[in-house]
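# Remarks on the overall topology
Next come the chains, spelled out residue by residue.
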Amino acid sequence: MRATELTLGRSFALAFDDGDDFVKELTCFCAEQGIRQAIIPMFLGGFRRVHLVGAAGPLQDPEAPVWDKTVLETVEAVGAGTLAWSPDTDSLAPHLHVAVGRKDLEAAGSVSHLLWAEVQFIQEMALQEVIGPSMLRPECGPHSVPTLTFEPSPGTVPPS
């Protein structure tokens, strides 16, 4: 485990509109505000269409990450995440997870990593900027999974 004390900056409330490309609007907002790292304690609302990480059948290797996507339509969603900087792509690297309920299947649910979504009606988000230390998301390990790391600082607790 890695842990560090965070110094928080500005707080924002975001309201996404019908038809918005959720991830694109979020990353554009962060670029406009100069945000390179943040925590997202929650977001909620509806998605017309959502791409989640998921496979259609049995996993060939349950220990390996899943990179396939599954597409769901007309869902209610609640989620959270972190934003960190990817040194590999020199860009913002959102890590967002959602729990969604399909409106057409008695709110049958799915939970997974969010890849892309189109807002239906509204999405609301709380976003808290992180001033320090630097939060990075380099590709790590045998499967090159983007992993949250912290730039060493006096408050950082080394891995156990």
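Computed from a prediction, not measured in an experiment: that's the story for all the values here.

The rules behind these values
Residues numbered from 1 in each chain as written. Predicted model: local features only at pLDDT ≥ 70, side-chain atom pairs only at ≥ 80, totals over all residues. Heavy atoms only, no water. Helix = DSSP H or I, 4+ residues; strand = E, 2+ residues; numbered from the N terminus. Rg over C-alpha atoms; globule rule 2.2 N^0.38 Å. Buried < 20%, exposed > 50% of the residue type's maximum accessible area, 1.4 Å probe, protein only. Areas by Shrake-Rupley, 256 points an atom, 1.4 Å probe, with all protein chains shown as cover. Lys, Arg positive; Asp, Glu negative; His and termini not counted. Charge placed at Lys NZ, Arg CZ, Asp CG, Glu CD. UniProt positions renumbered as here; feature names shortened; annotations may be inferred. Phe/Tyr/Trp six-rings, centres within 6.5 Å; stacked < 30°, edge-to-face > 60°. Lys NZ or Arg CZ within 6 Å of the ring centre and 35° of its normal. Polar contact = N/O pair within 3.5 Å; in protein donor to acceptor, adjacent residues only side chain to side chain. Salt bridge = Lys/Arg side-chain N within 4 Å of Asp/Glu carboxyl O. Patch = residues over 30% accessible without salt bridge, like charges linked within 9 Å, V, L, I, M, F, W, Y side chains within 5 Å.

### Brief notes about the overall build of the chain
What the chain contains, in helices and strands, is one helix and nine strands. Along its sequence from the N terminus, the chain presents helices and strands in the succession β-α-β-β-β-β-β-β-β-β. A compact globule built from 160 residues should have a C-alpha radius of gyration of about 15 Å, and the chain, at 17 Å, falls within 12% of that. Principal-axis analysis of the C-alpha atoms places the extent of the chain at approximately 50 × 40 × 25 Å. Here the chain holds 160 residues, and 36% of them are scored as buried. Split by element, the accessible area of the chain, about 9,000 Å² in all, is 56% carbon and sulfur. Averaging the coordinates of the 10 positive side-chain charges in the chain and doing the same for the 21 negative ones gives two points 2 Å apart.

### Description of the UniProt feature "domain: PPC" (unreviewed entry) in the chain
Using the residue numbers shown here, the UniProt feature "domain: PPC" (unreviewed entry) corresponds to residues 6-151. The distance from the first to the last C-alpha atom of residues 6-151 is 11 Å, and the span holds 8% helix and 62% strand.

### Points about the packing of aromatic side chains
Within the structure shown, the criterion is met by four aromatic pairs. The interplanar angle of 50° and the centroid separation of 4.7 Å between the aromatic rings of F16 and F22 together place this pair among those described as tilted. Taking relative accessible area as the criterion, F22 reaches 0% and is therefore assigned buried. Three or more aromatic residues joined by ring pairs form one cluster here, namely F16, F22, F43 and F47. Between the NZ or CZ atom of R36 and the centre of the ring of W85, over which it lies, the distance is 3.7 Å.

### Quick look at the side chain of H51
Turning to its location among the elements, H51 is positioned in strand β2 (residues 38-53). For H51, a relative accessible area of 15% gives the class buried. A polar side-chain atom of H51 sits 3.5 Å from a polar atom in the side chain of K69.

### Brief notes about the pattern of salt bridges
Within the structure shown, the criterion is met by seven salt bridges. Taking the shortest distance from any N to any O, the salt bridge between R49 and E73 comes out at 3.7 Å. Here R49, found in strand β2, pairs with E73, found in strand β3 (residues 69-86); they are 24 residues apart in sequence, far enough to count as distant. Across the salt bridge formed by R102 and D104, the nearest N and O atoms sit 2.8 Å from each other. Judged by its relative accessible area of 23%, R102 is partly exposed. Judged by relative accessible area, which is 49%, D104 ranks as partly exposed. Here the residues in one salt-bridge network are D18, R48, R49, E73 and E118, joined through shared partners.

### Regarding a nonpolar patch on the surface
Together, M42, L44 and V78 make up an exposed nonpolar region whose accessible area comes to about 220 Å². You can see M42 is positioned in strand β2.

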